[in-house]
Amino acid sequence: MEANVRRLYTAMQDGSYKEQLRYYKKTIVNNNRKVRHIDAPLLDALLLEHLWLVVLKPLYDMVNPGVARNCLPEHGITAKRREHSVLKEAKRLFYDMRHLNWLVDVDQRQCYQHVSVKAYRRGVKIIRDRLMATTSLPLVPVGFPDGETLRSHAFWRWLTDFGEDVGFIDGRLPVGTPTSPYIHQIVMLSFDYWMKENFEWAVRYADNAFIAVATQQEANRTLWRVRNFWWYEQGIRAKRQTSRIVAIDDKGVDICGYILHRFPDKEATSHNKGLTLVRRSTLERARQADNDRSWASYFGLMRHADTYRIMQQIERDMKLSQLTAKIRIDREMDAKNIPMQNVPNLQTLTLYKYEIRQSKGEDNWIKCLIGTPEVNKETGEPTGRTLAFEFHGNYQGIIRWIRELERMFPNKEFLPIEDARIVNECGYIFEGSTNQLRYIEEGDV
């Protein structure tokens, strides 16, 4: 290993690393019968590509506008955080953002084949220029000696040239290398900023852009603006057959394999606001799963949709009791509900998370995840465990106090709120959170 490290290090110093960039061809056929021709790097090329990624990733993360959802750490279609997930963000659009009624879905045509070296180098300059404008810029890049700073033109020239060498094969962006997704992210950086600055709701997953607007006229304008941006700014064409404008309230919309429905005449605080399903082809393949391993893949997809009964039926037919004793669906702040009139009976509680919703611009609903110490019913002694509960409703005393905390601590540093009590005093409030009169003094009334 040490000898190989020295060999590659020497090759990096004298520029002979280009001779180590070798690949082999592979062909992969997806479930939808789409054929992909892969350029898989050999070990030396793979190590050099990861070296470039080690330096580039922190720089890209500092300027990432948060529109892209693919090929980034903890990002994906069903990522845990809403800000990193396509599906959770789409559910927010369909269920809560009801003033946006039209969805523009634009897909790139052969995006990797149309990514040029010129567009890549322009994208790196965008990263450089935005970082140069940052006052808190770290001085020394990862793996570089003292004296090389992120404000050094020599560093950026090396990073750009090295990325071009390891990321492109004869001027084209290959499929199947770890650097290609990040190079595509760099090329799309200017488009991501454009979407972020011009639209209230916009998400990009690889070569698919989703933008929500209020009217059909605005949707038509947006479609042509996206097509022109891609072609004139980045040299990438949009697919004519699959680019579309969809009325969200009309029927189900396919977004990255999930079919989302919005139920009309509902508000953000209503129940049963919409429905999320999976594609029929995915469902049919799940029904034909013949072993635990194949079913587990579909289980991971379907658990994020409203397919609880279908999943139960498939498991009954397959008798997969060893895979899951009981199907469980993850929901945000999911705990046993406690009636609000019982909350004041808790000796003490801790507020861990909360969500406030609005109707017509006014706060009118809150959901809180709380914990309280468990007590042995027989002995009355604490067990050392914390019971989890949730309560929700229109409790203005609690909502107004939390809003005041948010103004004082914008990043919610006040959470968790420990050793608290909720009392019913002219409405439910946190104990001690209001300025209450204790005596009537002359002149007060």
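Not measured: the values here are computed from a predicted model. (Residues numbered from 1 in each chain as written. Predicted model: local features only at pLDDT ≥ 70, side-chain atom pairs only at ≥ 80, totals over all residues. Heavy atoms only, no water.)

### Quick look at the overall build of the chain
Consideration 1: In terms of helices and strands, the chain carries 13 helices and 16 strands.
Consideration 2: Across its three principal directions, the C-alpha atoms of the chain cover 85 × 60 × 55 Å.
Consideration 3: A total of 445 residues make up the chain; the buried ones form 42% of that total.
Consideration 4: Separation of charge centres in the chain, based on 66 positive and 57 negative side chains, amounts to 8 Å. (Helix = DSSP H or I, 4+ residues; strand = E, 2+ residues; numbered from the N terminus. Buried < 20%, exposed > 50% of the residue type's maximum accessible area, 1.4 Å probe, protein only. Lys, Arg positive; Asp, Glu negative; His and termini not counted. Charge placed at Lys NZ, Arg CZ, Asp CG, Glu CD.)

### Topic: the side chain of Arg-204
Consideration 1: By secondary structure assignment, the location of Arg-204 is in strand S4 (residues 201-205).
Consideration 2: Within polar-contact distance, the side chain of Arg-204 engages the side chain of Asp-192 at 2.8 Å.
Consideration 3: When sequence neighbours within four positions are dropped, the list of residues in contact with Arg-204 reads Val-67, Ala-68, Arg-69, Asn-70, His-184, Gln-185, Met-188, Phe-191, Asp-192, Met-195 and Ala-209. (Polar contact = N/O pair within 3.5 Å; in protein donor to acceptor, adjacent residues only side chain to side chain. Contact = heavy atoms within 4.5 Å.)

### As for unusual backbone geometry
The bulk of non-glycine residues show a negative phi, and the bulk of peptide bonds are trans.
Consideration 1: Following Leu-415, the chain continues into Pro-416 via a peptide bond in cis, with omega recorded as -5°.
Consideration 2: Inspection of the secondary structure assignment puts Pro-416 in the loop between helix H13 (396-408) and strand S14 (417-420).
Consideration 3: You will see that Gln-110, though not glycine, has its phi angle at about 45°, which is positive.
Consideration 4: Considering the arrangement of structural elements, one finds Gln-110 in the loop between strand S3 (102-107) and helix H4 (111-114).

### Notes on the pattern of salt bridges
Consideration 1: Applying the stated criterion across every chain yields a total of 23 salt bridges.
Consideration 2: Across the salt bridge formed by Arg-82 and Glu-89, the nearest N and O atoms sit 3.2 Å from each other.
Consideration 3: A relative accessible area of 5% places Glu-89 in the buried class.
Consideration 4: Two residues, Arg-204 and Asp-192, come together in a salt bridge whose shortest N-O distance is 2.8 Å. Taken together, the positions of Arg-204 in strand S4 and Asp-192 in helix H8 (residues 189-198) put the pair 12 residues apart, joining distant regions of the chain. Just as Arg-204 is buried, Asp-192 falls in that class too.
Consideration 5: The network of salt bridges with shared partners includes Arg-69, Arg-81, Arg-82, Glu-83, Glu-89 and Arg-92. (Salt bridge = Lys/Arg side-chain N within 4 Å of Asp/Glu carboxyl O.)

### A few points about the sheet that holds strand S11 (residues 349-359)
Consideration 1: In space, the five strands of this open sheet follow the order S10-S13-S12-S11-S14, with mixed pairing throughout. One side of each edge strand has no neighbouring strand; the edge strands of this open sheet are strand S10 (336-337) and S14.
Consideration 2: Note that S11 and strand S12 (residues 362-375) share nine bridges and pair antiparallel. Note that in S12 the partner of Ile-356 across the bridge is Ile-366.
Consideration 3: Together, S11, S12, strand S13 (382-393) and S14 form the strand contacts of H13, whose direction differs from that of S12 by roughly 90°. (Pairing = 2+ DSSP bridges. Axes fitted to C-alpha atoms, helices over the stretch in contact; angles between N-to-C directions.)

### Observations concerning the side chain of Gln-234
Consideration 1: In this structure, Gln-234 sits in helix H9 (residues 216-234).
Consideration 2: Polar contacts involving the side chain of Gln-234 include one to the main-chain carbonyl oxygen of Val-187, which spans 2.9 Å.
Consideration 3: With near-sequence residues (within four places) excluded, Gln-234 lies in contact with His-114, Ala-119, Val-187, Met-188, Ser-190, Phe-191 and Phe-229.

### Observations concerning the confidence of the model for the chain
Consideration 1: Looking at the chain, pLDDT values average 87 and 91% of them are 70 or higher.
Consideration 2: Confidence drops under a pLDDT of 50 for residues 320-326, and excluding neighbours within four residues, the segment shows eight contacts in the predicted structure. (pLDDT = per-residue confidence, 0-100.)

### Some remarks on the packing of helix H5 (residues 117-132) against helix H6 (residues 153-167)
Consideration 1: Here H5 crosses H6 at 150°, and the two axes come no closer than 10 Å. Taken together, the axes of H5 and H6 are roughly antiparallel relative to one another. For H5 against H6, the interelement crossing comes out right-handed. Between H5 and H6, the residues in contact are Val-117, Tyr-120, Arg-121, Val-124, Ile-127, Arg-128, Leu-131 and Met-132 and His-153, Trp-156, Leu-159, Thr-160, Asp-161, Gly-163 and Glu-164, respectively. (Parallel < 35°, antiparallel > 145°, perpendicular 65-115°, else oblique. Left-handed = near helix turned anticlockwise from the far one by under 90°.)

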